Amino acid sequence: MTAPAAPRRILVVCLGNYCRSPLAGRVLADLGGDAVEVRSAGLIDKWEEAHPEMTAAATALGYDLTEHKPKQVTRKLIDWADLVLAMDHSVLEQLRGIAGPDTAAEIRLYLDHDRDVPDPMGRPAAEFAACALLIEAGAAHHLR
């Protein structure tokens with residue numbers, strides 16, 4: 001009998017691990033099931049929980065962010081991952097700097113076609129809802 005394959009380790013990163021990456025991590029974990037192990041992090045360490053507007057947008061789509069505790073990305077966390085997904089180009093460039101040239105992890109944007117997931121911080125609730133839909137729609141191509 002063959003042992004089951006190890007889950008694919010995915011790390012999702014945004015600026016503060018407050019809006020976009022917590023939801024992306026939850027979506028990937030829920031949709032990927034046992035095939036993935038997902039963590040999320042931010043470039044900065046500033047908040048204690050997920051943004052209330054993103055938590056509400058997530059709940060509306062059936063995802064629970066109430067237990068999320070933001071964390072800051074580290075080289076060790078990047079080294080843990082097989083795939084590191086950045087929410088935008090700015091985060092992508094900083095992640096590449098943290099990872100260095102010898103990382104084994106694949107580091108790329110969350111959305112395909114070289115697109116950013118817009119940061120809804122400081123925007124109306126409708127922007128959080130739109131961002132949540134974009135994140136949910138973008139998850140599928142990471143779970144193939």
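What comes next concerns the included structure. (Residues numbered from 1 in each chain as written. Predicted model: local features only at pLDDT ≥ 70, side-chain atom pairs only at ≥ 80, totals over all residues. Heavy atoms only, no water.)

1. Details of the pairing of strand β4 (residues 106-109)
Then comes step 1: Across four bridges, the pairing between strand β3 (residues 83-86) and β4 is parallel. In the strand pairing of β4, Leu 83 is matched with Glu 106.
Then comes step 2: In the classification by handedness, the crossover that spans β3, the intervening helix α4 (residues 89-99) and the parallel β4 is right-handed. (Pairing = 2+ DSSP bridges. Helix = DSSP H or I, 4+ residues; strand = E, 2+ residues; numbered from the N terminus. Right-handed = clockwise from strand over helix to strand, strands pointing away.)

2. Observations regarding the packing of aromatic side chains
Then comes step 1: Counted according to the given criterion, the structure contains one aromatic pair.
Then comes step 2: Above the face of the Trp 80 ring, Arg 39 is positioned so that its terminal group lies 4.0 Å from the ring centre. (Phe/Tyr/Trp six-rings, centres within 6.5 Å; stacked < 30°, edge-to-face > 60°. Lys NZ or Arg CZ within 6 Å of the ring centre and 35° of its normal.)

3. A word on the nonpolar core
Then comes step 1: Counting 28 residues, the largest nonpolar core has Ile 10, Val 12, Leu 23, Leu 28, Met 54, Tyr 110 and Ile 135 as its most contacted members.
Then comes step 2: For Leu 28, the contacting residues outside a window of four places in its chain are Ile 10, Val 12, Gly 33, Val 36, Val 38, Leu 85, Tyr 110, Ala 139, His 142 and Leu 143.
Then comes step 3: In this structure, Val 13, Ile 78, Ala 99 and Leu 109 belong to the second largest nonpolar core, which totals 18 residues. (Core = buried A, V, L, I, M, F, W, Y, C linked by side-chain atoms within 4.5 Å. Buried < 20%, exposed > 50% of the residue type's maximum accessible area, 1.4 Å probe, protein only. Contact = heavy atoms within 4.5 Å.)

4. Some thoughts on the pattern of salt bridges
Then comes step 1: The final tally for this structure, using the stated rule, is 10 salt bridges.
Then comes step 2: A salt bridge links Asp 119 to Arg 20, with the nearest nitrogen and oxygen atoms 3.7 Å apart. Here the residue Asp 119 occupies a position in the loop between β4 and α5 (125-138), and Arg 20 occupies one in helix α1 (residues 20-32), the gap between them amounting to 99 residues.
Then comes step 3: Overall, the relative accessible area of 33% leaves Asp 119 in the partly exposed class.
Then comes step 4: Note that Asp 102 is salt-bridged to Arg 75, the shortest N-O span being 3.1 Å. Taken together, the residues span a long stretch of sequence, with Asp 102 in the loop between α4 and β4 and Arg 75 in helix α3 (residues 75-80) at a distance of 27 residues.
Then comes step 5: Three or more residues joined by partner-sharing salt bridges are found here, namely Arg 20, Asp 88 and Asp 119. (Salt bridge = Lys/Arg side-chain N within 4 Å of Asp/Glu carboxyl O.)

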